[in-house]
Amino acid sequence: MIDYHYQTFLVLADCLDYATTAQELCLSKPTITQHIQYLETDLEVTLFQNQGGNLVLTKKGNLLKDRLVIINDHIDDLLRSLAT
């Protein structure tokens, strides 16, 4: 399982809405914001932008999302292999 900051990022990257992400993860909107700010600071990139009132992923945000999906798939495969 990947770090919870990255899990938060993946949910937000899918729905592109802080309120929906907060509800889905049973967290507050400020907590979601803190998770994303942590990642952006740690990675030294901007992951999301507001464009015309809509939240969109940046190019680096899309890259991170694509790679995290692959990593999650590998982790799932590993866990299935360990369980047998």
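Above this note sits the structure.
Let me begin by describing the structure that accompanies this report. Quantities reported herein were computed from a predicted structural model and do not represent experimental measurements.

### Points about the pattern of salt bridges
Next, step 1: In the structure shown here, the tally under the stated rule is two salt bridges.
Next, step 2: Notably, a salt bridge pairs Asp-77 with Arg-80, separated by 2.3 Å at the nearest N-O pair. With Asp-77 and Arg-80 both in helix H4 (residues 59–83), this residue pair falls three residues apart, about one helical turn.

### Things to note about the nonpolar core
Next, step 1: Within the largest apolar cluster, 17 residues are counted, with the highest numbers of intra-cluster contacts made by Tyr-6, Phe-9, Leu-12, Leu-47, Phe-48, Leu-64 and Leu-68.
Next, step 2: Among the secondary structure elements, those contributing two or more residues to this core are helix H1 (4–15), helix H3 (29–43), strand S2 (54–57) and H4.
Next, step 3: For Phe-48, the contacting residues outside a window of four places in its chain are Phe-9, Leu-12, Ala-13, Leu-16, Ile-36, Glu-40, Leu-55, Val-56, Leu-57 and Thr-58.

### Let's talk about unusual backbone geometry
Across the chain, the bulk of peptide bonds are trans and the bulk of non-glycine residues have phi less than zero.
Next, step 1: Although it is not a glycine, Leu-16 sits at a positive phi angle of roughly 55°.
Next, step 2: Tracing the chain through its elements places Leu-16 in the loop between H1 and helix H2 (18–25).
Next, step 3: The class of Leu-16 is partly exposed, set by a relative accessible area of 33%.

### Looking at H1
Next, step 1: With 12 residues, H1 extends 17 Å between its outermost C-alpha atoms, agreeing within 8% with the 16 Å of an ideal straight helix rising 1.5 Å per residue.
Next, step 2: Residues His-5, Tyr-6, Thr-8, Phe-9, Leu-10, Val-11, Leu-12 and Ala-13 constitute the buried set of H1.
Next, step 3: After H1 finishes, the residue Leu-16 shows a positive phi value of roughly 55°.

Quick notes on the rules
- Residues numbered from 1 in each chain as written.
- Predicted model: local features only at pLDDT ≥ 70, side-chain atom pairs only at ≥ 80, totals over all residues.
- Heavy atoms only, no water.
- Salt bridge = Lys/Arg side-chain N within 4 Å of Asp/Glu carboxyl O.
- Helix = DSSP H or I, 4+ residues; strand = E, 2+ residues; numbered from the N terminus.
- Core = buried A, V, L, I, M, F, W, Y, C linked by side-chain atoms within 4.5 Å.
- Buried < 20%, exposed > 50% of the residue type's maximum accessible area, 1.4 Å probe, protein only.
- Contact = heavy atoms within 4.5 Å.
- Expected span 1.5 Å × (residues − 1).

By themselves, these figures tell us nothing about what the structure is for.
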